[in-house]
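Structure at a glance
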Amino acid sequence: MKTLLMTACAAAALLLASGAGAAQMVDHYTLDHDGVRMEITAPRGDIIRVRAGKGALPEDASWAVNADIKRTLFEVSDAGPVAEISNNKLTVRVDKATLAVTVLDKAGHVVLADAPGQALGFENGGFRVRKAMPEDEHYFGLGDKTGPLDRRGGAFTNWNSDTFGYGVATDPIYKSIPFVLGVDESGHSFGLFMDNTWRSFFDMGKSERNAFVFGAEGGPVDYYIMTGDGPKDIVEDYAYLTGKAPLTPEWVLGFQQSHWGYLTQGEVKGIGDHLRADKLPADVVYMDIDYQDRDRPFTVDSKAFPDLAGLVSGLKAENLHLVLITDLHVAYAPNQGYAPYDSGAAQNLFVRKADGSTFVGPVWPGDAVFPDFSRPKARDWWGQQYKTFVGMGVYGFWNDMNEPSVFNTRSKTMPLDNLHRIEEPGFAPRDATHAEMHNVFGMLNTRATYEGVRKLAPDTRPFVLTRATYAGGQRYAATWTGDNTSSWAHLRLSTSQLVNLGLSGFAYAGDDIGGFAGEQPSADLLTKWIEVGAFNPIFRDHYQKGKEPQEPWVSGPEHENIRRHYIEERYRLLPYIYSLAEENSRTGLPIMRPVFLEYPKAVANDGVADQFMLGPNLLIAPAPNGESPAAYDVTLPGEGWTDYWTGEKVKAAFRETPKLERLPVFVRPGAILAKQPLVQSTMETPKGALELHVYPGPDCTAQLYFDDGTSFAYTRGVFLRQTVSCRVENGTLHVALSDREGSYKPWWTGISLVVHGWSGKGATLNGGALKADVAGNALVVGLPDLAKASDIVVAGQ
Ligand code: GLC
């Protein structure tokens, strides 16, 4: 065993005391043991980073972590066999004889400890790290992975894979987000993010009952441990490290219709016309690969789509946006006048084989080449390919097949010894193998798209949808869960996938409503899926070529009416949903949430795994087995909740009998929900009053947020922000509005205050009486628009 060496960078070290074992303030702590060098740093007081390597530390570079994050100072005392590192948030103990790391909070509670035995091991060019698994801890995150919501007991591989028609337990699928959130039954939480793009794994207690093990086939030992008071803190820490999603264009939150197999311009326009004729609110129609000439990205089949610009403006006239697929595989078509190939080849911008020649592999267009997205030059070039489409007024693009998928190979992707060029600030300029770049390739594809479209239209918010991605990819794109199947089991799976994606940074996530692959969905399945989808962040109906139509109108008027009802409710709720999107852009908190994010102790309750929350206020409790007529238990996180649809108070635990037309949705006591009059599109200005639905109770405060929904004017102050709060005092309800911030002019001239579960005797504003009417279980109070701080007093019953 070697002796320990501590290197504290003299320049950064501020010596508090001198002499052996004295405490020092440093911004990193390094130790060597048995040929392994380990370094601990703290990117923020509540986050520590551990890096290690054989003989030397690995390259200090990342595709995921924000480059501007600095190291903070901490105190080290390293006199004894255990070095102790501490700041005002946490303490880290490192056993010098084993390099085992234990993180404690300031109360002395162990946040995360290495497992007994060998904590860190290197073998075959890779490594593994073992952490202790307390019995009452539950684990979440890891992106879109299948299986139960709680990852405990599962083992998962990170390797972006094209998995058409995947099953409810298939692993790996499309994304690699090596982030785990741990929550124990008292609500203590930690986060662990392994920043490594190689093929990697998380074994969450499957091989070893009391340890979770993670590691990779190559690349750096480089992981972060996040600490905080509860799961929300951890999610915010992760967003601090890997970034937040930019505020979405509002139209992305509307209903989206898509299909692989809309074969002509007339058919696409017909979808828009049908949505409008049937009064199904909608914002987006997608075009899949069928619009292209021979499946070649950035071309248009001019026979089937003779006037794309006309189609864009025709849909726009119906308040619909068009989203175009633009896959990354550029057709290998030398000397055919295909500009993306010619211009990319002329500048050598494609991924190379090990011998240096351009790699060619078959995908939709047949033989194709693959842009080398780790080069800024290739990303810029890629971004310019969008010029014609953006010029037509298209701002939404779909990056598919970017695992990358390669046909006719056993691996379904390119050879691992293919070469990518890294020319990224922070990294040494070098060639990297596909084995290193595979998992980050899709994310770099979306980065090129997002940055390119932004450059082409600097004041319009772009929308990029991706299938593959890596940690941090939320900065560039929304995602969906790929080629799911039309089955009740997949509808159920979608909840755990979308919740875990939200915890893994991807607030904007959706699934193919109705199911992409497989048998035709039954009318009941499609209806239920639309009901649930109305409360998911991305709400997109999409299905495979060759299936019978799956649009909302296909199963006759009875089903269409139910589906319309849910789509309409989505549109009424948009002010609330959009304010969640805005909150996400500031904090990283997801739009769709597990119940335990709001109520950490609920993590102990198995029954909540099929439930989810939309923001902090709505709890959705779909039947776990959608096809079964059997009643099921619903457990809410406390007393005082209200049935969203009936306005009646419900008990904390009860049985729900499934009904086709009912998706159980409950409102938290203390909720304030902003709603708007029905519109058919987010591009339509609502007519009437802004509705503020108040459910008196504790923690009653909400933020209204509005802006134009499409431009970046909000970054220049053109937004509207206002806090609304409520409190009950001696049986009287007080609703307070703050002064309004920002210069965005609201569309409403009056506010309708709806107080639920309240039949009181009238209301006043600054002493003046207001019009108040009882409607069902609520009291509806008419208010003028209130831009200044105001207090409304609603008399008790
Ligand atoms: C992939 C996508 C699917 C798309 C199809 C054709 O299977 O996952 O959504 O429709 O390719 O582009």
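Note that the structure is a prediction, hence the values are computed from the model and not measured. Starting afresh in each chain, residues are numbered from 1 along the sequence in its written order. Where local features are concerned, this predicted model is filtered to residues with pLDDT of at least 70; where side-chain atom pairs are given and counted, the filter is 80 or more; whole-chain, interface and lining totals use all residues. With hydrogens and water stripped out, all remaining heavy atoms of the structure feed into the side-chain values.

1. What about the overall build of the chain?
This is how it is decided: Every helix listed is a DSSP run of H or I at least four residues long, and every strand listed is a run of E at least two residues long, numbered separately from the N terminus. Throughout, exposure labels follow a simple rule: accessible area from a 1.4 Å probe, protein chains only, divided by the maximum for the residue type, with under 20% read as buried, over 50% as exposed, and the rest as partly exposed. By definition in these notes, contact holds between two residues if any of their heavy atoms fall within 4.5 Å. Here, Shrake-Rupley sampling with a 1.4 Å probe gives the accessible areas, and only protein chains in the shown set may cover a residue. A positive count includes Lys and Arg, and a negative count includes Asp and Glu. His and the chain ends are not counted in either. In this description, the location of a charge corresponds to atom NZ of lysine, CZ of arginine, CG of aspartate or CD of glutamate.
Summing up its helical and strand segments, the chain has 12 helices and 51 strands in all. Taking the principal axes of its C-alpha atoms as reference, the chain extends roughly 80 × 75 × 55 Å. Across the 797 residues of the chain, 61% fall into the buried class. Within the chain, counting contacts between residues at least 6 apart in sequence, those at least 24 apart form 68% of the total. Split by element, the accessible area of the chain, about 28000 Å² in all, is 51% carbon and sulfur. Separation between the mean location of the 75 positive side-chain charges and that of the 96 negative ones in the chain comes to 2 Å.

2. Notes on the sheet that holds strand 43 (residues 701-707)
Heads up, the condition is: Strands qualify as paired when DSSP identifies two bridges or more between them. Helix axes are fitted to C-alpha atoms over the stretch in contact, other axes to C-alpha atoms as well, and angles between N-to-C directions run from 0 to 180 degrees.
Taken in spatial order, the six strands make up an open sheet running 43-44-45-51-47-48, and their pairing is antiparallel. With one partner strand each, in any of the chains shown, strand 43 and strand 48 (768-770) form the two edges of the open sheet. Neighbour-to-neighbour, the strand axes of this sheet turn through a mean angle of 25°, independent of strand direction. Alignment of strand 47 (residues 763-765) against strand 51 (residues 790-794), held across three bridges, turns out to be antiparallel. Bridging across to strand 51, Ala 763 finds its partner in Val 794.

3. Considerations on the domain arrangement of the chain
As a reminder of what qualifies: Bear in mind that the domain bounds are from an automatic or database domain assignment.
Taken domain by domain, the chain holds domain 1 (14-242), domain 2 (592-664) and domain 3 (688-794). Put simply, the middle of domain 1 and the middle of domain 3, counted by C-alpha atoms, are 44 Å apart.

4. As for the sheet that holds strand 35 (residues 612-614)
With antiparallel pairing, the five strands of this open sheet are ordered in space as 34-35-36-40-38. Bordering the open sheet on either side are strand 34 (592-593) and strand 38 (642-643), each of which pairs with just one other strand. Sheet topology note: the strand 35/strand 36 (residues 618-620) ladder contains three bridges and is antiparallel. Looking at the pairing, Met 613 lines up with Leu 619 of strand 36.

5. Focus: the site of the ligand
Short version of the rule: When at least one non-hydrogen atom of a residue lies within 4 Å of a molecule or strand, that residue is treated as near it. Between N or O atoms, a polar contact is any pair within 3.5 Å; within protein, one atom must be a potential hydrogen donor and the other a potential acceptor, and residues adjacent in sequence are included only when both atoms are from side chains. Three residue categories are used. Nonpolar comprises Ala, Val, Leu, Ile, Met, Phe, Trp, Tyr, Cys and Pro, charged comprises Asp, Glu, Lys and Arg, and polar comprises the others, including Gly.
As a structural note, the neighbourhood of the ligand is formed by 13 residues, with Asp 288, Asp 400, Arg 467, Asp 483 and His 542 the closest of them. Within the side chain of Asp 288, an N or O atom sits 2.5 Å from an oxygen atom of the ligand. For the ligand, whose accessible area on its own is 310 Å², the fraction buried by protein is 98%. Residues that form the shell around the ligand fall into these classes: eight nonpolar, one polar and four charged.

6. A few points about the state of the cysteines
Rules: The disulfide criterion used throughout: a pair of cysteine sulfur atoms within 2.5 Å.
One pass over the full model with this rule turns up one disulfide. The disulfide bridge from Cys 700 ends at Cys 726, spanning 2.2 Å between sulfur atoms. The sign of the 115° torsion about the S-S bond sets the Cys 700-Cys 726 disulfide as right-handed. With Cys 700 in the loop between strand 42 (690-694) and strand 43 and Cys 726 in strand 44 (residues 719-729), this residue pair connects regions lying 26 residues apart in the sequence.

7. Let's talk about the pattern of salt bridges
Selection rule: Put simply, a salt bridge is a Lys or Arg side-chain nitrogen that is within 4 Å of an Asp or Glu carboxyl oxygen.
Under the defined criterion, the tally for this structure stands at 52 salt bridges. Between Asp 237 and Arg 44 there is a salt bridge, and its shortest N-O distance comes to 2.5 Å. Taken as a pair, Asp 237 in helix 1 (residues 231-242) and Arg 44 in strand 4 (residues 36-44) lie far apart in primary sequence, 193 residues in all. The buried category is assigned to Asp 237, whose relative accessible area is 1%. When its relative accessible area of 27% is taken as the criterion, Arg 44 is described as partly exposed. Across the pair Asp 707 and Arg 461 runs a salt bridge, and its minimum N-O distance is 3.2 Å. One end of the pair, Asp 707, is in strand 43; the other, Arg 461, is in the loop between helix 7 (434-456) and strand 29 (463-466), with 246 residues separating them in the sequence. Comparing Asp 707 with Arg 461, the two get one shared label, buried. Taken together, the salt bridges that share partners define one network made up of Glu 39, Arg 49, Arg 51, Asp 60, Arg 71 and Asp 222.

8. Observations concerning the environment of Phe 389
Looking at where Phe 389 falls in the secondary structure, it is placed in helix 6 (residues 387-391). As for Phe 389 and Tyr 744, which are separated by 355 residues in sequence, their C-alpha atoms are 30 Å apart. Filtering out sequence-adjacent residues up to four positions away, Phe 389 remains in contact with Tyr 291, Phe 298, Val 300, Leu 308, Leu 324, Thr 326, Val 394 and Phe 397.

9. Description of helix 2 (residues 265-277)
Put simply, the rule is: A helix is expected to span 1.5 Å multiplied by its residue count minus one.
Between its first and last C-alpha atoms helix 2 spans 18 Å; for 13 residues at 1.5 Å apiece the expected length is 18 Å, and the two agree. Where helix 2 is buried, its residues contact strand 20 (255-257), strand 21 (284-287), helix 3 (308-317) and strand 22 (321-325). Within two residues after helix 2, Lys 279 carries a phi angle of roughly 50°, on the positive side.

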